[in-house]
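Okay, here's what each chain looks like letter by letter:
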Amino acid sequence: MTDSDLARQVRAVSRLTGEFTLRSGRIANEYFDKYQFEADPELLDRLAEQMAVLIPEGTEVLAGLEMGGIAVVTALARHAKLPTAFVRKQAKQYGTARLAEGAEVAGRRVLVVEDVVTSGGQVVISTKDLRKLGAHVDHALCVIDRQEGGAQALSEEGIQLRALLTRADLEAAA
């Protein structure tokens, strides 16, 4: 499957039009419903297989962000053969009371994994939290970069964004 075929398939299953409020507060007339490609096991597996080659050398742990990044990181870990941490937006108040569940992140090179990046806000917040736990984070990987300032915002925090697909890729696949 070529990149354009993959982009065409992601666009076909996930692109919605209308008026949508994004996490950043922005209003968009186009929305990529990530749960549609994450809920399709064959498509998610193809995405993860292609994303695996984008993992920076030296990565020791993949860290998926709640909630959409969890499905992506789980599929990606199968291809990358790397341990996985599941990162909450905030630590739960019961049980282990941990922010990052699963693989240990302290002292390790961690790749933050997200589904869709718009402003980069959640990746920035979660990266700061992971760094407080002792993780070394300088890269993030996503399925779709909406190309709305997220890469720049992450760069300002010392995080390089790698994306499997961009908004431009999805528009070209129309």
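For the structure itself, consult the block above.
Computed from a prediction, not measured in an experiment: that's the story for all the values here.

Draft legend 1. Looking closely at the overall build of the chain. For the chain, the helix and strand inventory stands at seven helices and eight strands. In terms of overall size, the chain behaves like a compact globule, its C-alpha atoms giving a radius of gyration of 15 Å where 174 residues would be expected to give roughly 16 Å. Summarising its shape, the C-alpha atoms of the chain cover approximately 45 × 35 × 30 Å along the three principal directions. A buried classification covers 47% of the 174 residues belonging to the chain. For the chain, restricting intrachain contacts to residue pairs at least 6 apart in sequence, the fraction spanning at least 24 positions comes to 59%.

Draft legend 2. Quick peek at the packing of aromatic side chains. A full pass over the atoms with the stated rule returns one aromatic pair. With a centroid separation of 5.2 Å and an interplanar angle of 25°, the aromatic rings of Phe20 and Tyr31 are classed as stacked. Remark: Tyr31 occurs in strand β2 (residues 27-32) and Phe20 occurs in strand β1 (residues 15-21); sequence separation between them is eleven residues. Residue class for Tyr31 comes out partly exposed when judged on its relative accessible area of 23%.

Draft legend 3. Examining helix α5 (residues 121-132) more closely. Under the 1.5 Å per step criterion, the end-to-end length of α5 is 17 Å for twelve residues, consistent within 8% with the ideal 16 Å. Here α5 has its buried residues at Gln122, Val123, Val124, Ser126, Thr127, Asp129 and Leu130. The inward-facing, buried residues of α5 abut β3 (61-65), β4 (84-87), β5 (100-102), β6 (109-117), β7 (136-145) and α6 (150-155). Looking one or two residues beyond α5, the residue adopting positive phi is Gly134, at roughly 100°.

Draft legend 4. Expanded view of the sheet that holds β3. As summarised here, the arrangement of the six strands in space is β5-β4-β3-β6-β7-β8, forming an open sheet in which the pairing is mixed. This sheet does not close on itself; its edge strands, each paired only once, are β5 and β8 (160-166). The mean inter-strand angle of the sheet, taken between neighbouring strand axes irrespective of direction, is 25°.

Draft legend 5. Geometry of the packing of helix α1 (residues 3-14) against helix α3 (residues 41-52). Packing of α1 against α3 leaves a shortest axis separation of 11 Å and a crossing angle of 140°. The pairing of α1 with α3 is recorded here as oblique in orientation. Judged by the twist between their axes, the crossing of α1 over α3 is left-handed. Where α1 approaches α3, its residues Asp3, Leu6, Gln9, Val10 and Val13 are matched on the opposing element by Leu43, Arg46, Leu47 and Gln50. Partitioned by chemical class, the residues of the contact of α1 with α3 number five nonpolar, two polar and two charged.

Draft legend 6. Representation of the side chain of Asp115 within the structure. Locating Asp115 in the fold gives a position in strand β6. Apart from residues no more than four positions distant in its own chain, Asp115 is found in contact with Lys34, Glu38, Gly68, Gly69, Val72, Cys142, Val143 and Ile144.

Draft legend 7. Highlighting the environment of Gln36. Residue placement: Gln36 occurs in helix α2 (residues 34-38). Given a relative accessible area of 40%, Gln36 falls into the partly exposed group. Considered as a pair, Gln36 and Thr84 are 48 residues apart in the sequence and their alpha carbons are 23 Å apart. Sequence-distant contacts of Gln36, that is, excluding residues within four places in its chain, are made with Val13 and Ser14.

Basis of the calculations
Residues numbered from 1 in each chain as written. Predicted model: local features only at pLDDT ≥ 70, side-chain atom pairs only at ≥ 80, totals over all residues. Heavy atoms only, no water. Helix = DSSP H or I, 4+ residues; strand = E, 2+ residues; numbered from the N terminus. Rg over C-alpha atoms; globule rule 2.2 N^0.38 Å. Buried < 20%, exposed > 50% of the residue type's maximum accessible area, 1.4 Å probe, protein only. Contact = heavy atoms within 4.5 Å. Phe/Tyr/Trp six-rings, centres within 6.5 Å; stacked < 30°, edge-to-face > 60°. Expected span 1.5 Å × (residues − 1). Pairing = 2+ DSSP bridges. Axes fitted to C-alpha atoms, helices over the stretch in contact; angles between N-to-C directions. Parallel < 35°, antiparallel > 145°, perpendicular 65-115°, else oblique. Left-handed = near helix turned anticlockwise from the far one by under 90°. Nonpolar A, V, L, I, M, F, W, Y, C, P; charged D, E, K, R; others polar.

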